[in-house]
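Geometric and topological summary
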Amino acid sequence: MFLRQRTSVQHLINISRYVSSPSSTNSGAAAIRQSNSSVQLQRLLPAGSQTSFLARRTYSTGSQDQDAAPRKPRSLPRLMDFPELVWPSVIKTVKNWIMVHFIIRPYFDREFTLPDFVQGAKQALQVVSASLAGGELKNLDGLVERQTLNDLKTAVGKMSVAQRYDLMVAKEDIYFSFPYQVGVMFDEEDEESQKRFVEITMVFHVLKGLKGMIERGDQIPVMPEFRDKICICNYRFIKEFTKGVDSDWTVNIVNHFKASDLAEEVNQ
């Protein structure tokens, strides 16, 4: 059972890569033909020329950009103006490890671990998304920062009922998550009590209904039928670690977006 779930998760990650890539808007058959053509092309090309040939890009001219049709509205509008993060960064992952083991644990919190934090972040995602979907943002006081809450109220107020429903996430539907960036900030305005903060940006990949599929023993869905059910969530958490201050983790960035929307924007 465990091995089957691991295989399913890896398959879902591959699906996310497929959906978020520019070629994901093609039909399944076309994608397979394109993949087979690429393999055949690589076999025909000399080893030294494969990379340079396949890495070429076609750029549009200025006149073509001016004549382009208006961008299609997203099926799930933005919640906040924040860069949309999808995949991990190798460099940032190494920096995160250094930050946790050489700064946070020795000087801020000896019991802090990223796996425990990720589990708590998943729970926070479920609580915040449920409140957003239900329009009950007052329940988020103390969990979401005030300015962030005001921005979310404005964004959610412009959404349809169906769009708000798309915001709801069950933590069991998360098949891939990672801390994108761990940062430490110091406020040196007060020399006597220097304020210290830790900020962690999380990325979650979600497939709506995944929990039920696993419980029923269903196979992981094949694209493109289920691509609109995959969404990506960016949440940024912050906590004050100033000496003598007792504080909790709060959320200051919330973003939900669909990989299919990103793919369509790339192709426009």
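Now for a quick tour of the structure. (Residues numbered from 1 in each chain as written. Predicted model: local features only at pLDDT ≥ 70, side-chain atom pairs only at ≥ 80, totals over all residues. Heavy atoms only, no water.)

By the definition in use, this model includes 4 salt bridges. A salt bridge links Glu-84 to Arg-74, with the nearest nitrogen and oxygen atoms 2.4 Å apart. With a gap of 10 residues between them, Glu-84 in the loop between helix 4 (62-67) and helix 5 (90-108) and Arg-74 in the loop between helix 4 and helix 5 connect regions that are remote in the sequence. Of the residues examined, Glu-84 reaches a relative accessible area of 22% and is grouped as partly exposed. Judged by relative accessible area, Arg-74 falls into the buried class, the value being 14%. (Salt bridge = Lys/Arg side-chain N within 4 Å of Asp/Glu carboxyl O. Helix = DSSP H or I, 4+ residues; strand = E, 2+ residues; numbered from the N terminus. Buried < 20%, exposed > 50% of the residue type's maximum accessible area, 1.4 Å probe, protein only.)

Let us now look at the pairing of strand 3 (residues 230-240). On a regular strand, each side chain points to the face opposite its neighbour's, so the side chains alternate between the two faces of the sheet. In terms of burial, strand 3 is a largely internal element, 11 of the 11 residues being buried. Every second residue of strand 3 is oriented toward a common face, with Ile-230, Ile-232, Asn-234, Arg-236, Ile-238 and Glu-240 on one face and Cys-231, Cys-233, Tyr-235, Phe-237 and Lys-239 on the other, all of them buried. Bridge count for strand 2 (residues 195-207) against strand 3 is 11 bridges, and the pairing is antiparallel. The residue of strand 3 that forms the bridge with Ile-200 is Phe-237. Both strand 3 and strand 4 (residues 250-258) contribute to a ladder of 8 bridges, which runs antiparallel. (Pairing = 2+ DSSP bridges.)

Now for the side chain of Ser-131. Assignment of secondary structure puts Ser-131 in helix 6 (residues 114-134). Excluding anything up to four places from it in sequence, Ser-131 contacts Glu-136, Leu-137, Asn-139 and Leu-140. (Contact = heavy atoms within 4.5 Å.)

Turning our eyes to something else, we now look at the environment of Thr-250. Tracing the sequence through the fold places Thr-250 in strand 4. As a C-alpha pair, Thr-250 and Ala-124 span 126 residues in sequence and 9.2 Å in three-dimensional space. Not counting residues within four places of it along the chain, the set of residues in contact with Thr-250 comprises Gly-142, Leu-143, Glu-145, Arg-236, Phe-237 and Ile-238.

Overall, the coordinates contain 12 aromatic pairs when judged by the stated rule. Here Phe-176 and Phe-178 contribute two aromatic rings whose centre-to-centre distance is 5.4 Å and whose plane-to-plane angle is 40°, an arrangement assigned as tilted. Note on Phe-241 and Trp-249: the rings are 6.1 Å apart at their centroids and 70° apart in plane angle, and the pair reads as edge-to-face. Taking relative accessible area as the criterion, Phe-241 reaches 9% and is therefore assigned buried. Through successive ring pairs, a cluster of aromatic residues spans Phe-108, Phe-112, Phe-117, Phe-186, Phe-204, Tyr-235, Phe-237, Phe-241 and Trp-249. (Phe/Tyr/Trp six-rings, centres within 6.5 Å; stacked < 30°, edge-to-face > 60°.)

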